[in-house]
Amino acid sequence: MPLWVDKYRPNSFDKFVVHKDIADNLKKLVATGDFPHTLFYGPPGAGKKTLVMALLRAIYGAGVEKVRVETKPWKIDLPSRKLEVELTTLSSNHHLELNPADVGSNDRYVVQEIIKEMARSRPMGADGSRGFKVLVLNEVDRLSKEAQQGLRRTMEKYSSACRLIMVCSNVSKVMEPVRSRCLCVRVAAPSDAQVMEVLQGVAKKENLVLPEAFAARVVDYAGRNLRRALLCLEVCRAQQYPFGDSQEPQRADWELYIAEVAKNIMDEQSPKQLYLVRSKLYELLANCVPPELIMRQLTFELLKRMDDEIKLETVSYAAQFEQRLQEGAKAIFHLEAFVARVMSNVKTYLVSCGLA
Amino acid sequence: MSTQPWVEKYRPKNVSEVAYQEEVVNTLTRALETANLPHLLFYGPPGTGKTSTALAIARQLYGPELMKSRVLELNASDERGIHVVREKVKAFAATAVGAPVPGYPCPPYKLLILDEADSMTQDAQNALRRTMETYSRVTRFVFICNYVSRIIEPLASRCAKFRFKPLQPAIMAGRIEHICERESVTLGPGALDTLSAVSGGDLRRAINTLQSAARLGGGHVDRATLLDVSGQVAPEVVSSLAAACRATGAAGRFGALQKQVQNIIAEGYAAQQVLLQLQAELLSGADGGSDLRLCGALEALAGADYSLVVGADEALQLLNVTGQVHAALAAA
Ligand SMILES: Nc1ncnc2c1ncn2[C@@H]1O[C@H](COP(=O)(O)OP(=O)(O)OP(=O)(O)O)[C@@H](O)[C@H]1O
Ligand SMILES: Nc1ncnc2c1ncn2[C@@H]1O[C@H](COP(=O)(O)OP(=O)(O)O)[C@@H](O)[C@H]1O
Ligand SMILES: [Mg+2]
Ligand SMILES: [Mg+2]
């Protein structure tokens, strides 16, 4: 049984309700049988991947949906050494999909090799003209700087044999020269009303009664993230149906945990408390919650709980330590330094107010 | 239907076709006549003609055929560690030069193009010094980069340096009109100006934007489509953010700023683009530029831009910079 998020993904441009304008534009764009390197950017759950899949389908037809997942060793001949990387890829006859995060430190060589391989196995069209294949790079903001540098000339040289479709949420992490080589498509998060519309559509197809008050809470919880909304609805459905008017969407474990950390910080500011918080941060990292997400989420949870007077300082520490976290090696140092800073600042503030 | 993007189709074939970089073009044209070329260093922002110029020189010196054996292009997609570069250059320099081709100067040296050289490590660059000297009789080097400061001084000082400038609107308009004519694209009112404004002197971006807009509009390009495909932040979003930054009282409370920033993030706007437009908005609203408080605000914007370039989180940076700008403007 596929999850609702997959089951109700619109698979052709004609079925789009949200992002209808982008869908129409992309449809016109590929009508000529051609399209430029493209970069989709926007927040998580906005519908980027859905657009990409519909785009591939519009170019190649249903054939792109016949995908295979393969794990095979790639042998890459570098001038200085031979590299062998085991790689899991998702591919059809027309495209290949890659998550740089799965590739690790050799991403620049792997990406180059794949593009060259695509150029070698370039398909022949019915009219004898040569077609192109598509490389989909998910989370391209996690592609190393070196790999991005490497893409520059390659995107120009192989532009007729291989087109890139890139997807990311933090577009500032994609370097300017790479962006300059793409059509950049901004995918805004759908409005609350649009999220509601999608929820109602799914409920109807699943033959569910969706009370308005409950649906509004799911929309609120989702924060303009469609994936979050649909996953939440499905979980709620499993927990209790018919939906109760007072039924609350359940937040994810890690979110609750971070909220708890924020509460710990605001409750007591002491070395002992810092020690407790640190163990919780370790716990989150051990569960593979990305450090930048911890930092961001923790900041927003703290902001909910503190006076206006110290909000800007808190945000400025967060911005500073999150940047160091990106540049440094060990995330825990910077998370902990942030917490210590905030604790000290909160304490000073409380003392100045005569509250501690 | 050709699958060649316009940027490649209209890449200058000769140095004389390179627009706006007169200083470069004049010097190189003279050098090409005598086929006497110094080592070269091209630097400048994306899409200003650096790679195109280097490739054009190669073609004009050797012609399309001989070029294959006389020119070696190494860019950031190639492995360029210390040993690799040395070995490659050595092997390349050691092969005999082929017979000259009539109609081309075919000087008795080879051309080594090191594109995107700013991505080479300092060590690799250092190793190149010796290599350059050893083979300078039989090879000429062309270094290309965006940031000249990333090229070590000993290399830079061995080259004739050329800065590639962001293209001026009028020059850009000329190239765009040329392409429109060839591709039978019609331009709506204000389209040319918009294209110049959104591409910031980057001709590749302008051509790409034009091609996308032309496809969407079925051969007609209007202002709205251009703005749409160019990633500009909607003016009302920027002015509302700027207003919040200037606000005092309830509208200037942190919660109000946070709400604006969260909306901008949800709308998916590129944070750097937001900074750029916010800066323009703040400057345009300034009373004659005598306002010292603006300095603090501009400094905060610059800091955030740097942070974003090194990979910091967009949401935290935008929230922080908005708060900092607000604080700077509120200072007595
Ligand atoms: N000065 C110019 N004159 C004519 N065309 C240009 C000029 N600059 C850029 N172009 C156009 O833009 C395209 C990209 O230019 P080019 O590859 O030379 O950029 P670059 O300066 O090497 O950029 P990058 O730093 O991103 O590598 C060219 O194919 C050409 O169509
Ligand atoms: N235009 C749309 N209309 C209806 N549902 C959508 C649409 N776009 C996305 N969704 C739903 O939201 C989910 C998440 O979208 P996705 O494209 O994976 O987001 P992103 O790639 O931006 O994180 C999809 O699985 C799909 O069920
Ligand atoms: Mg996704
Ligand atoms: Mg270049």
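What counts, and at which threshold
Residues numbered from 1 in each chain as written. Chains lettered and ligands numbered in written order. Predicted model: local features only at pLDDT ≥ 70, side-chain atom pairs only at ≥ 80, totals over all residues. Heavy atoms only, no water. Pairing = 2+ DSSP bridges. Helix = DSSP H or I, 4+ residues; strand = E, 2+ residues; numbered from the N terminus. Axes fitted to C-alpha atoms, helices over the stretch in contact; angles between N-to-C directions. Near = heavy atom within 4 Å. Polar contact = N/O pair within 3.5 Å; in protein donor to acceptor, adjacent residues only side chain to side chain. Areas by Shrake-Rupley, 256 points an atom, 1.4 Å probe, with all protein chains shown as cover. Domains from an automatic or database assignment. pLDDT = per-residue confidence, 0-100. Salt bridge = Lys/Arg side-chain N within 4 Å of Asp/Glu carboxyl O. Buried < 20%, exposed > 50% of the residue type's maximum accessible area, 1.4 Å probe, protein only. Contact = heavy atoms within 4.5 Å. Buried area = accessible area lost by both parts, 1.4 Å probe. Nonpolar A, V, L, I, M, F, W, Y, C, P; charged D, E, K, R; others polar.

1. As for the sheet that holds strand S2 (residues 71–74) of chain B
Each strand in a sheet pairs with another by means of backbone hydrogen bonds, the pair being arranged parallel or else antiparallel.
Residue and element names in this part refer to chain B.
Step number 1: The strand order across the open sheet built from five strands is S2-S3-S4-S1-S5, with neighbouring strands paired in parallel fashion. Because the sheet does not close on itself, it has two edges, and the strands there are S2 and strand S5 (160–163). With strand direction ignored, the average angle separating the axes of adjacent strands in the sheet is 15°.
Step number 2: Relative to strand S4 (residues 139–145), strand S3 (residues 110–114) runs parallel, the two sharing five bridges. Bridged to leucine 112 within S4 is phenylalanine 141.

2. Points about the site of ligand 1
Step number 1: Around ligand 1 sit 21 residues, and of these B:Val7, B:Lys50, B:Thr51, B:Ser52 and B:Arg204 come closest.
Step number 2: Near ligand 1, residues from chains A and B are present, making the site a shared one.
Step number 3: At 3.0 Å from an oxygen atom of ligand 1 is found a side-chain nitrogen or oxygen belonging to A:Arg181.
Step number 4: Computed on the free molecule, ligand 1 has an accessible area of 630 Å², of which 100% lies beneath the protein chains in the complex.
Step number 5: Contributions of two or more residues to the shell around ligand 1 are made by helix H6 (145–157) of chain A together with helix H3 (50–70) and helix H9 (203–216) of chain B.

3. Topic: the sheet that holds strand S5 (residues 133–137) of chain A
All names here are of chain A.
Step number 1: Spatially, the seven strands line up as an open sheet ordered S2-S3-S4-S5-S6-S1-S7, and their pairing is mixed. Of all the strands in the sheet, just strand S2 (68–77) and strand S7 (183–186) have a single pairing partner and so form its edges. Each strand of the sheet is rotated relative to its neighbour by a mean of 25°, with strand direction disregarded.

4. Concerning the domain arrangement of chain A
Step number 1: What the domain assignment lists for chain A is domain 1 (4–186), domain 2 (192–239) and domain 3 (253–352).
Step number 2: The distance between the C-alpha centroids of domain 1 of chain A and domain 3 of chain A comes to 36 Å.

5. Let's talk about the confidence of the model for chain B
Step number 1: In the predicted model, chain B carries a mean pLDDT of 88, and the fraction of residues at 70 or more is 97%.
Step number 2: Predicted complex metrics record ipTM = 0.89 and pTM = 0.87.

6. Notes on the pattern of salt bridges
Step number 1: Throughout the structure, instances matching the rule amount to 35 salt bridges over all chains.
Step number 2: Linking A:Asp24 and A:Lys20 is a salt bridge whose minimum nitrogen-to-oxygen distance equals 3.5 Å. One end of the pair is A:Asp24 and the other is A:Lys20, both in helix H2 (residues 20–31) and four residues apart, which spans about a single turn.
Step number 3: Close ionic contact of A:Glu65 with A:Arg57 constitutes a salt bridge, the shortest N to O distance being 2.9 Å.
Step number 4: A relative accessible area of 26% places A:Arg57 in the partly exposed class.
Step number 5: Connected via shared salt-bridge partners are A:Arg153, A:Glu156, A:Arg181, B:Glu8, B:Arg11, B:Glu73 and B:Arg204.

7. What about the site of ligand 2?
Residues and elements named next belong to chain A.
Step number 1: As a structural note, the neighbourhood of ligand 2 is formed by 17 residues, with Val5, Gly45, Lys48, Thr50 and Arg227 the closest of them.
Step number 2: The contact in question runs from an oxygen atom of ligand 2 to an N or O atom on the side chain of threonine 50, over 2.6 Å.
Step number 3: For ligand 2, the protein covers 94% of the area, taking 560 Å² as the surface of the free molecule.
Step number 4: Every element with two or more residues in the shell around ligand 2 is listed here: helix H3 (48–60) and helix H10 (226–239).
Step number 5: No fewer than three residues from each of domain 1 (4–186) and domain 2 (192–239) sit in the shell around ligand 2.

8. Section: the interface of chain B and chain A
Step number 1: With 62 residues of chain B at the interface, the matching set in chain A holds 63 residues.
Step number 2: Each partner contributes to the roughly 5300 Å² buried at the junction of chain B and chain A, and carbon and sulfur atoms together form 50% of this total.
Step number 3: Our count for the contact surface shared by chain B and chain A stands at nine salt bridges.
Step number 4: Between B:Asp313 and A:Arg296 there is a salt bridge, with its nearest N and O atoms 2.6 Å apart.
Step number 5: The interface formed by chain B and chain A includes 23 residue pairs in polar contact (both at pLDDT 80 or more).
Step number 6: Elements with a minimum of two residues in the side of chain B that touches chain A: H3, helix H4 (82–94), H9, helix H10 (223–230), helix H12 (254–266), helix H13 (271–284), helix H14 (293–309) and helix H15 (314–330) of chain B.
Step number 7: At nine residues, H15(B) tops the list of elements feeding residues into the side of chain B that touches chain A.
Step number 8: Of the residues contributing to the side of chain B that touches chain A, the split by class is 23 nonpolar, 21 polar and 18 charged.

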